[in-house]
Amino acid sequence: MTDGSDEIRRLDPVTLEKSMDNLVVYDYDNTSVDMLNELEYIDGEIWSNVWQQDVVLRIDPDTGRITGKIDFTGLLQDEDKLQGRVAGVLNGIAYDEETKTLYITGKNWPVTYVVEIVPP
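Parameters at a glance
Residues numbered from 1 in each chain as written. Predicted model: local features only at pLDDT ≥ 70, side-chain atom pairs only at ≥ 80, totals over all residues. Heavy atoms only, no water. Salt bridge = Lys/Arg side-chain N within 4 Å of Asp/Glu carboxyl O. Helix = DSSP H or I, 4+ residues; strand = E, 2+ residues; numbered from the N terminus. Buried < 20%, exposed > 50% of the residue type's maximum accessible area, 1.4 Å probe, protein only. Pairing = 2+ DSSP bridges. Axes fitted to C-alpha atoms, helices over the stretch in contact; angles between N-to-C directions.

Q: Can you break down the pattern of salt bridges residue by residue, with the values?
A: Using the criterion set out here, one finds four salt bridges in the structure. For lysine 100, the salt bridge is made with aspartate 43, and the minimal N-O distance between the two is 3.5 Å. With lysine 100 in the loop between β7 (90–96) and β8 (101–106) and aspartate 43 in the loop between β3 (36–42) and β4 (45–50), this residue pair connects regions lying 57 residues apart in the sequence. Two residues, glutamate 45 and arginine 58, come together in a salt bridge whose shortest N-O distance is 2.8 Å. With glutamate 45 in strand β4 and arginine 58 in strand β5 (residues 55–59), this residue pair connects regions lying 13 residues apart in the sequence. Exposure remark for arginine 58: the relative accessible area of 26% places this residue in the partly exposed category.

Encoded structure:
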(Lines give C-alpha, C1' and ligand atoms only; values in the text may rest on other atoms or scores of the structure.)
Protein backbone atom coordinates (compact mmCIF):
# COMPACT_ATOMS: atom_id res chain seq x y z
CA MET A 1 0.00 0.00 0.00
CA THR A 2 1.25 3.50 -0.70
CA ASP A 3 0.25 6.99 0.37
CA GLY A 4 2.01 8.83 -2.44
CA SER A 5 5.33 9.03 -0.63
CA ASP A 6 8.52 7.08 -1.35
CA GLU A 7 7.47 4.22 0.92
CA ILE A 8 5.43 1.11 0.33
CA ARG A 9 3.65 -0.14 3.44
CA ARG A 10 3.57 -3.89 3.77
CA LEU A 11 0.47 -5.23 5.53
CA ASP A 12 -0.71 -8.67 6.53
CA PRO A 13 -3.28 -9.63 3.85
CA VAL A 14 -5.73 -11.01 6.41
CA THR A 15 -5.50 -8.60 9.35
CA LEU A 16 -4.24 -5.53 7.44
CA GLU A 17 -1.84 -4.97 10.33
CA LYS A 18 1.67 -3.78 9.54
CA SER A 19 3.63 -6.98 8.91
CA MET A 20 7.12 -5.69 8.00
CA ASP A 21 9.10 -2.52 7.84
CA ASN A 22 8.05 -0.06 5.17
CA LEU A 23 9.91 -0.44 1.89
CA VAL A 24 11.66 2.75 0.73
CA VAL A 25 11.84 2.95 -3.08
CA TYR A 26 15.01 4.38 -4.60
CA ASP A 27 16.47 4.97 -8.03
CA TYR A 28 19.71 3.86 -9.65
CA ASP A 29 21.64 6.68 -7.96
CA ASN A 30 20.22 5.86 -4.49
CA THR A 31 17.77 8.80 -4.59
CA SER A 32 14.39 7.99 -3.07
CA VAL A 33 11.46 8.22 -5.46
CA ASP A 34 8.19 9.64 -4.16
CA MET A 35 4.72 10.09 -5.62
CA LEU A 36 4.24 6.31 -5.85
CA ASN A 37 0.64 5.64 -6.78
CA GLU A 38 -1.09 2.57 -8.18
CA LEU A 39 0.66 -0.69 -7.19
CA GLU A 40 0.52 -4.12 -8.78
CA TYR A 41 2.50 -7.28 -7.98
CA ILE A 42 3.71 -8.84 -11.24
CA ASP A 43 5.95 -11.90 -11.53
CA GLY A 44 7.83 -11.26 -8.29
CA GLU A 45 8.13 -7.48 -8.71
CA ILE A 46 6.13 -4.50 -7.52
CA TRP A 47 5.04 -2.23 -10.35
CA SER A 48 4.02 1.34 -9.53
CA ASN A 49 3.08 4.33 -11.57
CA VAL A 50 4.43 7.72 -10.51
CA TRP A 51 1.66 10.28 -9.94
CA GLN A 52 1.44 12.93 -12.67
CA GLN A 53 3.81 10.98 -14.94
CA ASP A 54 3.19 8.39 -17.64
CA VAL A 55 5.85 6.16 -16.11
CA VAL A 56 5.61 2.76 -14.43
CA LEU A 57 8.45 1.63 -12.17
CA ARG A 58 9.52 -1.96 -11.62
CA ILE A 59 10.60 -2.35 -8.01
CA ASP A 60 12.48 -5.15 -6.24
CA PRO A 61 10.18 -6.07 -3.32
CA ASP A 62 13.12 -7.10 -1.10
CA THR A 63 15.33 -4.03 -1.51
CA GLY A 64 13.11 -1.24 -2.86
CA ARG A 65 15.55 -0.63 -5.72
CA ILE A 66 14.03 0.32 -9.07
CA THR A 67 14.94 -2.37 -11.59
CA GLY A 68 13.28 -0.76 -14.59
CA LYS A 69 11.17 2.10 -15.89
CA ILE A 70 8.51 1.83 -18.56
CA ASP A 71 7.58 5.09 -20.30
CA PHE A 72 3.97 5.12 -21.52
CA THR A 73 4.11 8.67 -22.87
CA GLY A 74 1.89 8.87 -25.94
CA LEU A 75 -0.04 5.69 -25.16
CA LEU A 76 -3.33 7.60 -25.04
CA GLN A 77 -3.78 8.84 -28.60
CA ASP A 78 -5.65 12.05 -29.43
CA GLU A 79 -8.43 10.09 -31.14
CA ASP A 80 -8.98 8.12 -27.90
CA LYS A 81 -9.56 11.24 -25.79
CA LEU A 82 -13.17 12.02 -24.92
CA GLN A 83 -14.45 15.13 -26.64
CA GLY A 84 -14.76 18.04 -24.27
CA ARG A 85 -12.94 16.31 -21.41
CA VAL A 86 -9.35 16.63 -20.37
CA ALA A 87 -7.63 13.27 -20.14
CA GLY A 88 -5.86 12.78 -16.84
CA VAL A 89 -2.67 10.93 -16.16
CA LEU A 90 -1.89 7.25 -16.24
CA ASN A 91 -2.88 5.69 -12.92
CA GLY A 92 -4.32 2.27 -13.59
CA ILE A 93 -2.27 -0.91 -13.65
CA ALA A 94 -3.85 -4.35 -13.58
CA TYR A 95 -2.38 -7.75 -14.27
CA ASP A 96 -4.09 -11.07 -14.98
CA GLU A 97 -1.64 -13.65 -13.70
CA GLU A 98 -3.44 -16.52 -15.38
CA THR A 99 -3.27 -15.04 -18.88
CA LYS A 100 -0.14 -12.91 -18.23
CA THR A 101 -2.07 -9.88 -19.53
CA LEU A 102 -1.15 -6.33 -18.48
CA TYR A 103 -3.79 -3.60 -18.56
CA ILE A 104 -3.02 0.14 -18.45
CA THR A 105 -5.46 3.04 -18.12
CA GLY A 106 -5.68 6.49 -16.55
CA LYS A 107 -7.88 9.19 -15.06
CA ASN A 108 -10.67 10.07 -17.51
CA TRP A 109 -9.23 7.71 -20.12
CA PRO A 110 -12.10 6.19 -22.10
CA VAL A 111 -10.09 3.09 -22.91
CA THR A 112 -8.05 0.43 -21.18
CA TYR A 113 -5.02 -0.79 -23.09
CA VAL A 114 -3.75 -4.36 -23.21
CA VAL A 115 0.02 -3.95 -23.18
CA GLU A 116 2.83 -6.35 -23.99
CA ILE A 117 6.19 -5.50 -22.45
CA VAL A 118 9.11 -6.69 -24.56
CA PRO A 119 12.75 -6.48 -23.42
CA PRO A 120 14.98 -3.98 -25.24
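Having seen the model, we can carry on.
Q: Residues and numbers for the sheet that holds β4, please.
A: The strand order across the open sheet formed by four strands is β3-β4-β5-β6, and the pairing between neighbours is antiparallel. Each edge of the open sheet carries a strand with a single partner, namely β3 and β6 (66–71). Adjacent strand axes in the sheet meet at a mean angle of 25°, parallel and antiparallel pairs treated alike. Bridge count for β4 against β5 is four bridges, and the pairing is antiparallel. Each bridged residue has a counterpart across the sheet, and for isoleucine 46 the counterpart in β5 is isoleucine 59.

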